[in-house]
Amino acid sequence: MVYLIDGVLKNAYDKVINTFENVIDCNTHKQAYIGDHADIEAFAESEFAGKYLDCCVNLYKSSKSKKILHFADELVRCIIQNQHDNGYMGGYPQSQEWYCFSIWNQAFTVYGLLSYYKLTGDNEALECAEKCVKTIAKHYMDENNDILDAWNNGTQNLSILLVLPDLYNITGDKLYIDFINCIYERLKKSTNNFFDFETILNLYSKKGIENFIVLISMMLCNEISYDEETLEGARRYWNELEATQIRRTGNGTLAELWTPGGNAAAFYGEETKPNETCVAVGWCEFSMLMFMADRKSIYLDAIEKSLYNHILGSLSNDGTDFAYYQPNYGRKILRTNSNLYKCCRYRGFNIISRLHENLFLDDDCITPTIYTSCVFTNEKVKITETTKYPFDDTISFKIEGTSDKKLRLRIPRWCKKYDIRVNGELLCCKKNDGFVILDIHDGDEIELSLNTALKTERVIIDDKEHLGFSYGWIVLVPDSSICEDIYSPKSDIGDFKRNYETEYNIQFDSNDLKLVDYLSAAKRHETDEYTEWVLKKQPH
């Protein structure tokens, strides 16, 4: 068991709890399943409702909020009562049950139902989910329909893969394995062969979140039936994204697509539709599954980079919404426009709702996967982690109880020098694959110091030299609320000193420039602006 005790993650979590208890009206999500909705080309409300249901389950597990569980109960009853006789659920007229977002919407509804079933054991929820998926399986396995005949470059209907591993694990019905194999066989013969490709840009689909759903599903399927080809394809995709697409704030895409040189230094305005929040969340989910498969620290680094920059930076101040797209200069966007889908809102909520299950891994070692202030307990040991990371570089652990397991501490890639003290004594610990492994004993007090420093990156944009700044994974930017004319050339930018009397999470000042963390930048006033890249004044 893990629970948060302090820090920016705890702050975000508390706000999301309040949103689910007091702001979101469950009845709006129930409407997604009641009657027929005519405008099917724009109707994805049952996708959002399924995500809402999954979030309710996750938040109840960590908070025990009976109010949130009651909303989940209400929504499940509504879904069951409005399921069509043939198994369909989702709000489309019967004549159009196989069009547009139909499979996508149903996949996320089933995902929510299965989360609810695993929490409550409600057999009606499971029966509803099975009836839906068996109808879809029959449509593609027995009736010779092509699952790749779908929106978003053939990927839309592949979302049904997401629920098949859970259904097999719960029921043992081999039908779900057969359906996985049927979909894999079709994929391997297509231009969307995620198992074997030279570059991601050669795949027919270059979509961000849609491709992530396929890759996440493949990794989940691999947990029930291991296949090296699946894992190797996922590794290749992840490595190329990390090298060519993921930007400094832990996100990517333009207009929801991977593009050539996608993470090159540039100014990405709102009109280019950059940095979709769904993509950042998908990147984190994919990275966590890659870590579970490979146990490499680079995947956890990727999650922290995205979580502590784009994801928390795109959460509204009151915790009720997320940005859809996020430019890297100008005004910070903190809400989804009314004319856009609410997918980013609910994916953002979902990653916050799952924080508690992703903060520690308890396997052969005990691993704090994302550094933050929290408490971990199992049958033998309690570990209290206290830190102001990532805005401070010291992370402390207090051990209570005795365990044969060791503590595995990650050293982030940016860290060149670190210190570890146990009960005040400095240890000489060599890192292996990004981790240091320590014995732990009752009463131990362990301190990890990462010796973080401000880093400057020099880039050329439009033939002019620009500078970017960071502190560990934290992107630092000037904020117009405290920094005059953030877009003008700056000259005196070399000698920064940390300002501890700040309202931001972190601030560094020089004579000509003030830098604050991307997460809290441009959030104090609606007119505030920021810029990722600072124009450097050239000598005459």
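Reading the values: rules and limits
- Residues numbered from 1 in each chain as written.
- Predicted model: local features only at pLDDT ≥ 70, side-chain atom pairs only at ≥ 80, totals over all residues.
- Heavy atoms only, no water.
- Helix = DSSP H or I, 4+ residues; strand = E, 2+ residues; numbered from the N terminus.
- Buried < 20%, exposed > 50% of the residue type's maximum accessible area, 1.4 Å probe, protein only.
- Contact = heavy atoms within 4.5 Å.
- Areas by Shrake-Rupley, 256 points an atom, 1.4 Å probe, with all protein chains shown as cover.
- Lys, Arg positive; Asp, Glu negative; His and termini not counted.
- Charge placed at Lys NZ, Arg CZ, Asp CG, Glu CD.
- Phe/Tyr/Trp six-rings, centres within 6.5 Å; stacked < 30°, edge-to-face > 60°.
- Pairing = 2+ DSSP bridges.
- Axes fitted to C-alpha atoms, helices over the stretch in contact; angles between N-to-C directions.

## Re the overall build of the chain
Part 1: Across its full length, the chain carries 15 helices and 20 strands.
Part 2: With 540 residues in all, the chain has 59% of them scored as buried.
Part 3: In the chain, of all internal contacts separated by at least 6 residues, the share reaching a separation of at least 24 is 67%.
Part 4: Carbon together with sulfur atoms contributes 46% to the accessible area of the chain, which is approximately 22000 Å² in total.
Part 5: When the 59 basic and 82 acidic side-chain charges of the chain are each reduced to a single mean position, those positions are 3 Å apart.

## Some thoughts on the side chain of Thr109
Part 1: In this fold, Thr109 is placed in helix α5 (residues 102-120).
Part 2: Residues within four places of Thr109 in sequence aside, it is in contact with Tyr33, Ser46, Gly50, Ile79 and Met89.

## Things to note about the packing of aromatic side chains
Ring pairs (aromatic) are described by centroid distance and by the angle formed between their planes.
Part 1: Scanning all chains against the criterion turns up 29 aromatic pairs.
Part 2: Arranged with centres 5.3 Å apart and planes meeting at 80°, the rings of Phe20 and Phe349 form a pair that is edge-to-face. Taken together, the positions of Phe20 in helix α1 (residues 8-23) and Phe349 in helix α14 (residues 343-353) put the pair 329 residues apart, joining distant regions of the chain.
Part 3: On the basis of relative accessibility, which here comes to 0%, the residue Phe349 falls in the buried class.
Part 4: Here Phe212 and Trp283 contribute two aromatic rings whose centre-to-centre distance is 6.3 Å and whose plane-to-plane angle is 40°, an arrangement assigned as tilted. Taken as a pair, Phe212 in helix α10 (residues 209-224) and Trp283 in helix α12 (residues 277-294) lie far apart in primary sequence, 71 residues in all.
Part 5: What makes Trp283 buried here is its relative accessible area of 1%.
Part 6: Grouping aromatic residues by their ring pairs yields a cluster made of Phe212, Trp238, Trp258, Trp283, Phe286 and Tyr299.

## As for the sheet that holds strand β3 (residues 360-362)
Part 1: One open sheet accounts for 4 strands, arranged β3-β4-β8-β11; its pairing is mixed. Among the strands making up the open sheet, the edge pair consists of β3 and β11 (435-438). Sheet twist, expressed as the mean angle between neighbouring strand axes with direction ignored, is 20°.
Part 2: Bridging between strand β8 (residues 406-410) and β11 involves 4 bridges; their strand directions are antiparallel. Within β11, the residue paired with Leu409 across the bridge is Val436.

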